[in-house]
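A closer look at the structure
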Amino acid sequence: MALSRSRVHPDQLALVLSLLLLITTPSLVSGHVKPPGTICYNGGLLLTGKLDLSIFFYGAIGRTQKLVVRNFIKSLNHGGGTLKPRVTSWWDMVESYQSVSSPDHNAPKIAVKVVSQITEKGYSLGKVITIDFIRSMVKKATAGKPPASLVVIFTDKESAVASLCRGKCYDHGVIDNQPYLIVGNPEVECPDACGWPFMKSSYNPGITLTPPNGNPAVDAILVNFAAGLAAAVTNPFNTGFSKPGPKTWPLEASTVCNGIFASGSFPGNPGKVAVDARTGAAFNAHGLKGMKFLLPALWNPRTSSCWTPM
């Protein structure tokens, strides 16, 4: 008996693939999921107490990005009114790492403050940013300025950061005893690797979301900044919370839970995020002055699972 071939409609194939993903992939339940790996505490220092930030904007970085970044930073300690979930809940999880690393198991508040901000539009260091140029940026950001716990560098879409985009969307380290964090702009350089869930990606060939602040690049930068900030606080000297990851970079507080933003998440689907009824924008945390954010999942050191605000 001959077997006849029938064509499968693309929508039917997509449905089958989605069902297979749901069956084979552990989804978040009540904001928690066992990550594919785990991270451990390696006995080193964390950034605690006062977290004074020195921000260095390099290139033609627009007003919207600066506004979103500054609002997010202020929202870490100051809530978002009565609406829930709030950015402060996400920051509470970052602070909870202290309860594992400290002898008394306390997790005091980490007060975040921007102590200086510099914008350099002229590309004085060129448009290909290597570690030597990062060193110069750190020096510029701190010269004659109040002492900073962490230097945060943002580069524009015309600049390529040598250490980013090959599966890595931020980088952090220490230069002359000064911790730093650098976050690139994925709009031109690497939207495929670092722009999802607001830009289409072959790494996550699923749905894309409407950005909460109206700009896919800016909101993707905020996701990567939040992930990098959590890593820089919990693993500033690469002796804190981490485990060996792919190539030369470690898995850290957020990257171990990569691609998860809410309950029900599976590869290609960020989860059951909230949707603004007026704009259709996706978010999972409320900030100050009515601003909304989509923040990445964090590894919960108490439960050894991935956690999200919703």
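See above for the structure.
Description of the structure in this document.

What to know about the environment of I153
Secondary-structure assignment places I153 in strand β6 (residues 150-155). The class of I153 is buried, set by a relative accessible area of 0%. On a C-alpha basis, the gap between I153 and T119 in space is 10.0 Å, while along the polypeptide they are 34 residues apart. Apart from residues lying up to four places away in sequence, I153 is in contact with F56, I134, M137, V138, L181, I182 and V183.

Some points on empty space enclosed by the protein
Overall, the coordinates contain one cavity of 30 Å³ or more when judged by the stated rule. Computed from the structure, the largest cavity encloses a volume of approximately 40 Å³. Lining the largest cavity, in full, are L164, C165, K168, C169, G184, N185, P186, E189, C190, C194 and N224. The residue makeup of the lining of the largest cavity, split by class, is six nonpolar, three polar and two charged.

A closer look at the sheet that holds strand β8 (residues 170-175)
Overall, mixed pairing links the five strands, which are arranged β4-β3-β6-β9-β8 in an open sheet. Two strands lie at the open edges of the sheet, namely β4 (111-120) and β8, each paired on one side alone. The average undirected angle you get between the axes of adjacent strands in this sheet is 20°. Across six bridges, the pairing between strand β3 (residues 50-58) and β6 is parallel. Residue pairing in the sheet places F57 in a bridge with F154 of β6. Those strands touched by helix α2 (residues 63-78) are β3, β4 and β6, and its axis lies near 165° from that of β4.

Notes on the sheet that holds strand β11 (residues 250-251)
Taken together, three strands build an open sheet; the order of strands is β2-β10-β11 and the sheet is antiparallel. A single partner strand is all that each edge strand has here, and the edge strands are β2 (40-41) and β11. Here strand β10 (residues 241-244) runs beside β11; their pairing, made up of two bridges, is antiparallel. Each bridged residue has a counterpart across the sheet, and for P244 the counterpart in β11 is P250.

Looking at α2
Its 16 residues give α2 an end-to-end C-alpha distance of 22 Å, which sits within 8% of 22 Å, the value for a rise of 1.5 Å per residue. Every buried residue of α2 is accounted for by Q65, K66, V68, V69, N71, F72, I73, S75 and L76.

As for the side chain of K66
Looking at the element boundaries, K66 is found in helix α2. Of the polar contacts made by the side chain of K66, one reaches the side chain of T119; its length is 3.0 Å. Once residues within four sequence positions are removed from consideration, K66 is found in contact with F57, I61, Q117 and T119.

Notes on the layout of surface pockets
Considering only enclosed or pocket space, the largest pocket measures out at about 740 Å³ in volume. Taken together, 37 residues make up the lining of the largest pocket; nearest its centre are G167, K168, C169, Y170 and T255. Counting residues per element, the ones that place at least two in the lining of the largest pocket are β8, α6 (191-194), α7 (216-234) and β11.

A closer look at the pattern of salt bridges
On inspection of all chains with the given rule, the structure shows six salt bridges. One salt bridge connects E120 with K140, and the closest N-O pair in it is separated by 2.9 Å. You can see E120 sitting in strand β4 and its partner K140 sitting in helix α5 (residues 131-142), a full 20 residues away along the chain. With a closest N to O distance of 2.9 Å, D171 and K168 form a salt bridge. Each of the two residues, D171 as well as K168, counts as buried. The network of salt bridges with common partners includes D92, E95 and K109.

Quick notes on the rules
Residues numbered from 1 in each chain as written. Predicted model: local features only at pLDDT ≥ 70, side-chain atom pairs only at ≥ 80, totals over all residues. Heavy atoms only, no water. Helix = DSSP H or I, 4+ residues; strand = E, 2+ residues; numbered from the N terminus. Buried < 20%, exposed > 50% of the residue type's maximum accessible area, 1.4 Å probe, protein only. Contact = heavy atoms within 4.5 Å. 1 Å grid on protein atoms, 1.4 Å probe; cavity = no way out; pocket = protein on both sides within 12 Å on 5 of 7 lines; lining within 4 Å. Points joined across faces, edges and corners; volume = space filled by probe spheres on them. Nonpolar A, V, L, I, M, F, W, Y, C, P; charged D, E, K, R; others polar. Pairing = 2+ DSSP bridges. Axes fitted to C-alpha atoms, helices over the stretch in contact; angles between N-to-C directions. Expected span 1.5 Å × (residues − 1). Polar contact = N/O pair within 3.5 Å; in protein donor to acceptor, adjacent residues only side chain to side chain. Salt bridge = Lys/Arg side-chain N within 4 Å of Asp/Glu carboxyl O.

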